[in-house]
Amino acid sequence: MVARNARAGLRDVGVQNLEKRLGPLFEYLRMRYDRDAENEDDSDVIRAVVSCGREALEAARGGFHDAKALVFDAFFFAWVSHAPSIGVTPGDPFTARSLWRLSLKQFEAAVRELNLGRELRDTLRRVPDAASRKIIALLDESLFSSGDEASDDDEGVSRRAKTETDERTSLKSEDAGPSSHEVAHDVDFLLESVRQAARDDLFTCAKLAGTSLLCSERYQESREKRRSEASDTNDADRELVAVLNRIRGDADAASNRDAGALAVELVQLLLTSPETTLTRLVRVASTNTSQASLLLSAFFAQPGIVRMQMNPSEPPRMLMELARLLHKPPAELKGSHALEGLKTLIEALCQPRQALSDANDDGERFGKRRLALPSRSQLDHRHVLLFIVIPALSLTVEETDSEFEFWALRILQTLLTGFDGDKTGNAETPIECSPSGTRLLRATYPGSMLLAMASRIDSRSGSVAERTRELAARLLQCCVAALNSSSLDTEEDVSTLESLAHADAEAATRLTWHTRMLMETLMRRVREIRPTPTRSPPAAPSLGPEDDVSATASALADVILLCATQFLRGDDIMDLIHGNRSADGNLKEIIERVRDCSGSSSELRRALLEACTTLLPRLTAREFDVVLQEALPRLLGSVQGAPEGDQGSCGPLVVDFLTRVSLAQMEISGKNRDIETVSRQLASAATRVNEASATDGEHHTDVDFLAAAFHNLRCVSVVLSHMTTHSSEKARDILLNVALELAGKLCDNERMVSEVAQLFEACPDERCKQHVLAVCNTKGGRNATIESR
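Residues numbered from 1 in each chain as written. Predicted model: local features only at pLDDT ≥ 70, side-chain atom pairs only at ≥ 80, totals over all residues. Heavy atoms only, no water.

Time to look at the packing of aromatic side chains. By the definition in use, this model includes seven aromatic pairs. Relative to Phe-76, the ring of Phe-72 lies with its centre 5.5 Å away and its plane at 20 degrees, an arrangement referred to as stacked. Taken together, the residues Phe-72 and Phe-76, both in helix α3 (residues 67-80) and four residues apart, mark about one turn of the helix. For the pair Phe-72 and Phe-76, one class covers both residues: buried. Between the aromatic rings of Phe-72 and Phe-107, the centroid separation amounts to 5.9 Å while the plane-to-plane angle is 50 degrees, which identifies the pairing as tilted. Here Phe-72 is found in helix α3, whereas its partner Phe-107 is found in helix α5 (residues 104-113), with 35 residues between them in sequence. Neither Phe-72 nor Phe-107 differs from the other in exposure class; each is buried. Taken together, the ring pairs in this structure connect Phe-72, Phe-76, Trp-79 and Phe-107 into an aromatic cluster. (Phe/Tyr/Trp six-rings, centres within 6.5 Å; stacked < 30°, edge-to-face > 60°. Helix = DSSP H or I, 4+ residues; strand = E, 2+ residues; numbered from the N terminus. Buried < 20%, exposed > 50% of the residue type's maximum accessible area, 1.4 Å probe, protein only.)

Because each turn of an α-helix spans 3.6 residues, side chains separated by three or four positions in sequence point in the same direction. Most of helix α28 (residues 570-577) is tucked away: six of the eight residues are buried. Of the residues making up α28, those classed as buried are Gly-570, Asp-572, Ile-573, Met-574, Leu-576 and Ile-577. As for α28, its buried residues are in contact with α27 (549-564), α29 (586-597) and α31 (621-639). Two residues or fewer after α28 comes Gly-579, characterised by a positive phi angle close to 80 degrees. (Contact = heavy atoms within 4.5 Å.)

What follows covers the pattern of salt bridges. Counted under the stated rule, the structure contains 20 salt bridges. Across the pair Glu-321 and Arg-324 runs a salt bridge, and its minimum N-O distance is 2.5 Å. Of this pair, Glu-321 and Arg-324 both sit in helix α17 (residues 317-327), three residues apart, which is roughly one turn of that helix. Overall, Arg-324 belongs to the partly exposed group, its relative accessible area being 41%. For Glu-347, the salt bridge is made with Lys-343, and the minimal N-O distance between the two is 3.5 Å. (Salt bridge = Lys/Arg side-chain N within 4 Å of Asp/Glu carboxyl O.)

This prediction gives the chain a mean pLDDT of 77; 76% of its residues lie at or above 70. Within the chain, the lowest mean pLDDT, 45, falls on helix α8 (residues 152-172), and the highest, 92, falls on helix α26 (residues 520-529). In this model residues 88-97 is a low-confidence stretch, pLDDT under 50, and it forms 26 contacts with partners more than four residues away in sequence or in other chains. (pLDDT = per-residue confidence, 0-100.)

One finds Ile-305, Leu-322, Leu-412, Leu-450 and Met-453 to be the most contacted residues of the largest nonpolar core, which totals 94 residues. Apart from the residues lying within four places of it in its own chain, the contact partners of Leu-322 are Val-282, Leu-342, Leu-345, Ile-346, Leu-349, Leu-379 and Ile-388. Core analysis: the next-biggest nonpolar cluster, separate from the first, contains 85 residues, Cys-612, Val-627, Val-654 and Leu-658 among them. (Core = buried A, V, L, I, M, F, W, Y, C linked by side-chain atoms within 4.5 Å.)

With respect to the secondary-structure elements, Ser-193 resides in helix α9 (residues 180-199). In this structure Ser-193 comes out as partly exposed when scored by relative accessible area, which is 24%. When the C-alpha atoms of Ser-193 and Cys-205 are compared, they prove to be 8.6 Å apart, with twelve residues separating the residues in sequence.

Take a look at the structure:
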């Protein structure tokens, strides 16, 4: 094992050394192409390619790699990945990052001068036949001439190259098409060919024949005829169930033969009952993890299963089925777990399958993928955006289905991050667009997508689920950063710029100015480059008379909301208020109003209470965490006159203030949902503030911790005491749970048992009192038993 790891390490070193040697060459070629594309094949450029290739060959000799194969792979991939007529989109991450590129003449010269003919022929035997024929048609015939060392297989490649032109000519001279009788016969023959190829382990042949059978327009009429003849869908459903029941439980260890055999049976069923078959396949793959692995392998063994269309003008049928089930899931797919399985299936079909490793080099070539075997995803990412994500985001907030919307956003997150982002959905993990994700965003409708996500953030009335709003906020920040870091003023950026400009104009009538501020760094650039249609930056409404406390409360609410959305940090707020930093634009009037009121601590306290009573119930849990850590400690410290450096450590003040917010909310609101939200926020603050001052093993002896915990418990008991029989039962349970948690920690110190008991003896809620006294009795022991009055 040690020796094998050492060899793998040496292989990595060999690859890295070659990358470093060829890197300057490809950088020179890229600069030369950008500056003078018409003369990229000048003799001096060709000589540079050959010279660098020869030096790389010499440097790579003596390692574990075949030096010629290694250099050829690099050159071949650099050429084929930029040859549009071949239609190959390789997925190697290294080359996508490095932007290596060779022209046709440069590649031919390198093969000819470096004697890489054998490596070329070996590669053409490994790639699919369709790609091989296109490559042969482009290259000079002299590259395929067989030398003395060429094998019979090499001669076969040469013969195929020589006959390629004749085949194309023959195809062009054929009649318009075969008769329906011939096509029907061809379908039966082709289906049998698929079966035979699968039995003989000829996976590429089976894949090409099956895909042609399911997707080629040549067999469209025959497929429609077979569907019309198969009238009994129940028989097809029973047959499919029998096929699926034969899948073993250890599907993760399924071989290529198992997947190929299953794929052949599915091809036959799709020819007669495609709707029934695809619906059942999607449901099983989404809900049954033991069968999903083999089904995915079967889909990759026969790409036509996923790409099959009912009519040439329609999108793939499986894509539409996935979108339908995600939008309106049946009973068996309702629930978070089943919908997550559906989302996972869509992501798996969007992710390119790993290329098979080469037995000679363990697949340890550039980027740990075989350069000559490009891998494609089953579903086109643009189609997924068009038929799944955009329909979810194009609905208005009132029309939207929260589950459909959330999982569509999760799929969008995966497409934007390039399958390398956070898989847990952790709200604290930043989302970053990959280069491919940024290109995908720019190539679709970036303005509409930004506007749709911003609309979800702006919905604070409860019509959009909290987790959907939080994910939309993270994705909006990610998309704005990605678009803002790319060019917007070239000819290729016209469509992107136009989409963003219209979104900016639409946002003025649909979004609040706070949410528009989240996109302002990007939209400011867009307005400078494209001033039409006419639009203005986000503007805050007028605050009203200077002596109006409600106007000051409105200004404070604006500041806190900008902090909640992370447009401002807590230190930024205090710098603006204290004049350490100048405020401009929308912030100027707001900050001046807060600054004018800061001379009267009582008025500022009243305004802050009014602002938080109105605003806090509309914040998500993540937004409140930001406010709890950034805004509230500093604003309350400023009200109390604390020095600037100590305004971030005002834990007891925060809990006391949130207690007043809860009482005010119960008095003026009467809305159970708002009361539950502020109760949850009070509970969060009461259990987190100063909790880090002591570990679990020593908190009962830490004086600061005991003082803070007792203060927080007293605040919670005050709110519980003011709850009536008509108050929300959920809010009462939230606060009771945190009261029991704090009481349990305090009663670990025997001296605090009586203090905690006395705190709740006068509580009007008998149930709460009994629960807390039970904790005191349990923690205090037999001798410290306290009788409830």
